[in-house]
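If you want the building blocks of each chain, they are given just below.
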Amino acid sequence: MAKYKYILFDMDNTLLDFSRAEYLAFRETAENCGLVYSEELYADYSEINDSLWKRLEVGTITLEALKTERFRLLLGRLGHGDNDEREALAVAMKKEYIRALGQQGCLIENAVEVCAALSKKYRMFIVTNGIADIQISRFAISGLEPYFEKMFISENIGYTKPDKGYFDYVLNAVGDSDRSAYLVIGDSLTSDCDGAIAYGLDICRFNPKNQPDKGRILTYNISKLTDLFEII
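The text that follows walks through the structure, step by step, so that each part is easy to find. Predicted model, so just to flag it, every value in this text is computed and none were measured.

1. What to know about the sheet that holds strand 6 (residues 220–222)
Part 1 of the argument: Taken together, 6 strands build an open sheet; the order of strands is 3-2-1-4-5-6 and the sheet is parallel. Unpaired on one side and paired on the other, strand 3 (150–153) and strand 6 mark the two borders of the sheet. Between one strand and the next, the sheet's axes are offset by a mean angle of 20°, whatever the strand orientation.
Part 2 of the argument: Relative to strand 2 (residues 123–128), strand 1 (residues 6–9) runs parallel, the two sharing 4 bridges. Each residue of the ladder has a partner; that of Ile7, found in strand 2, is Met124.
Part 3 of the argument: Against the sheet, helix 6 (residues 132–142) engages strand 2 and strand 3, with an angle of about 150° to strand 3.
Part 4 of the argument: Seen against the sheet, helix 8 (residues 164–174) touches strand 1, strand 2, strand 3 and strand 4 (182–186) and runs at an angle of roughly 160° to strand 3.

Here is the structure:
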């Protein structure tokens, strides 16, 4: 008998290659909004964006504010125009980036094969932080949709992983409060691993670069999605 009944898959950089998608979407956004794209520009954006998502995880910024703030800060770092010009361009970049990113369904290697096989044994759900319109569009493009019952997106729920309220919502929606019946699979130490551990759920970290766990006690640690066949 299978140990688990429910698999809660993170989406970005677990099933979908968000790093690639983000790169392509940002490049398109910069070029369409009149900026000269460079790797240095993307590095600056990534640094700012990552710091804001960390703030979102601990509740010191809202998702709605983050959508524009990352571009406002980037333009400020570039010294682009006056305040009014930066604000107008930041809003335009937000809209263009949401559109461009929503068209990126890049997959992690073997994601379709693994999800197709696991869906025959388990009830499967997506648990993701992010902007709902983007996540829904990318998920539909990816081809993974047939293998999952539902997506739980932080923007729609009102809670962000690793918040307890997020997992309360998910388990209530699934309809089974037995935490031993769930396995969370995700790449992020802070949102996926810390959230699952604090909530008492088993966690499988997708860790293709074999990065350190920084003292966390994880149930499983895999470097390829196909490694799941050996543990569940």
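2. Some remarks on the packing of helix 3 (residues 63–78) against helix 4 (residues 83–101)
Part 1 of the argument: Contact geometry of helix 3 with helix 4 gives a least axis separation of 8 Å together with a crossing angle of 125°. With respect to helix 4, the axis of helix 3 lies oblique. In the packing of helix 3 onto helix 4, the handedness of the crossing is right-handed. Side by side, helix 3 and helix 4 meet where Glu64, Lys67, Thr68, Arg70, Phe71, Arg72, Leu75 and Gly76 of the first sit next to Arg86, Glu87, Leu89, Ala90, Val91, Met93, Lys94, Tyr97 and Ile98 of the second.
Part 2 of the argument: Here the residues of the contact of helix 3 with helix 4 are counted per class, giving 8 nonpolar, 2 polar and 7 charged.

3. Concerning the pattern of salt bridges
Part 1 of the argument: With the rule as written, the count across this model stands at 18 salt bridges.
Part 2 of the argument: Glu31 is the partner of Arg27 in a salt bridge, and the nearest nitrogen-oxygen pair spans 3.4 Å. Here Arg27 and its partner Glu31 are both found in helix 1 (residues 18–32), 4 residues apart, which amounts to about one turn of the helix.
Part 3 of the argument: Looking at Arg27, the relative accessible area reads 34%, which means it is partly exposed.

4. So, unusual backbone geometry
Part 1 of the argument: Put simply, Lys161 and Pro162 share a cis peptide bond, and its omega is 15°.
Part 2 of the argument: One can find Pro162 in the loop between helix 7 (154–157) and helix 8.
Part 3 of the argument: Phi is positive for Asn210, which is not a glycine, with a value near 50°.
Part 4 of the argument: Tracing the chain through its elements places Asn210 in the loop between strand 5 (202–206) and strand 6.
Part 5 of the argument: Classification of Asn210 by relative accessible area gives exposed; the value is 60%.
Part 6 of the argument: Backbone geometry at Lys214 places phi at a positive 55°, although glycine is not the residue there.
Part 7 of the argument: As for its position among the elements, Lys214 is in the loop between strand 5 and strand 6.

5. Side note on helix 3
Part 1 of the argument: Taking 1.5 Å per residue, 16 residues should reach 22 Å; helix 3 reaches 23 Å between its end C-alpha atoms and fits that length.
Part 2 of the argument: Along its length, helix 3 shows its largest kink, about 30°, at Glu69.
Part 3 of the argument: Among the residues of helix 3, Leu63, Leu66, Lys67, Thr68, Arg70, Phe71, Leu74 and Leu75 are the ones counted as buried.
Part 4 of the argument: Backbone geometry just downstream of helix 3 places Gly79 in the positive-phi region, at approximately 70°.

6. Some words on the environment of Gln135
Part 1 of the argument: Inspection of the secondary structure assignment puts Gln135 in helix 6.
Part 2 of the argument: In this structure Gln135 comes out as buried when scored by relative accessible area, which is 3%.
Part 3 of the argument: Through-space distance from the C-alpha of Gln135 to that of Gly105 is 9.5 Å; in sequence the pair is 30 residues apart.
Part 4 of the argument: Apart from residues no more than four positions distant in its own chain, Gln135 is found in contact with Met11, Asp12, Thr128, Asn129, Gly130, Met151 and Ile153.
Part 5 of the argument: Of the polar contacts made by the side chain of Gln135, one reaches the side chain of Asp12; its length is 3.1 Å.

7. A look at the packing of aromatic side chains
Part 1 of the argument: This model, assessed by the stated rule, comprises 16 aromatic pairs.
Part 2 of the argument: The interplanar angle of 20° and the centroid separation of 5.5 Å between the aromatic rings of Tyr45 and Phe71 together place this pair among those described as stacked. With a gap of 26 residues between them, Tyr45 in helix 2 (residues 39–58) and Phe71 in helix 3 connect regions that are remote in the sequence.
Part 3 of the argument: Counting every residue linked through ring pairs, the aromatic cluster contains Tyr23, Phe26, Tyr37, Tyr42, Tyr45, Phe71 and Tyr97.
Part 4 of the argument: Cation over ring: Arg179 sits above Tyr199, and NZ or CZ is 3.8 Å from the ring centre.

Definitions and limits used
Residues numbered from 1 in each chain as written. Predicted model: local features only at pLDDT ≥ 70, side-chain atom pairs only at ≥ 80, totals over all residues. Heavy atoms only, no water. Pairing = 2+ DSSP bridges. Helix = DSSP H or I, 4+ residues; strand = E, 2+ residues; numbered from the N terminus. Axes fitted to C-alpha atoms, helices over the stretch in contact; angles between N-to-C directions. Contact = heavy atoms within 4.5 Å. Parallel < 35°, antiparallel > 145°, perpendicular 65-115°, else oblique. Left-handed = near helix turned anticlockwise from the far one by under 90°. Nonpolar A, V, L, I, M, F, W, Y, C, P; charged D, E, K, R; others polar. Salt bridge = Lys/Arg side-chain N within 4 Å of Asp/Glu carboxyl O. Buried < 20%, exposed > 50% of the residue type's maximum accessible area, 1.4 Å probe, protein only. Expected span 1.5 Å × (residues − 1). Bend = angle between axes of the 7 residues up to and from the residue. Polar contact = N/O pair within 3.5 Å; in protein donor to acceptor, adjacent residues only side chain to side chain. Phe/Tyr/Trp six-rings, centres within 6.5 Å; stacked < 30°, edge-to-face > 60°. Lys NZ or Arg CZ within 6 Å of the ring centre and 35° of its normal.

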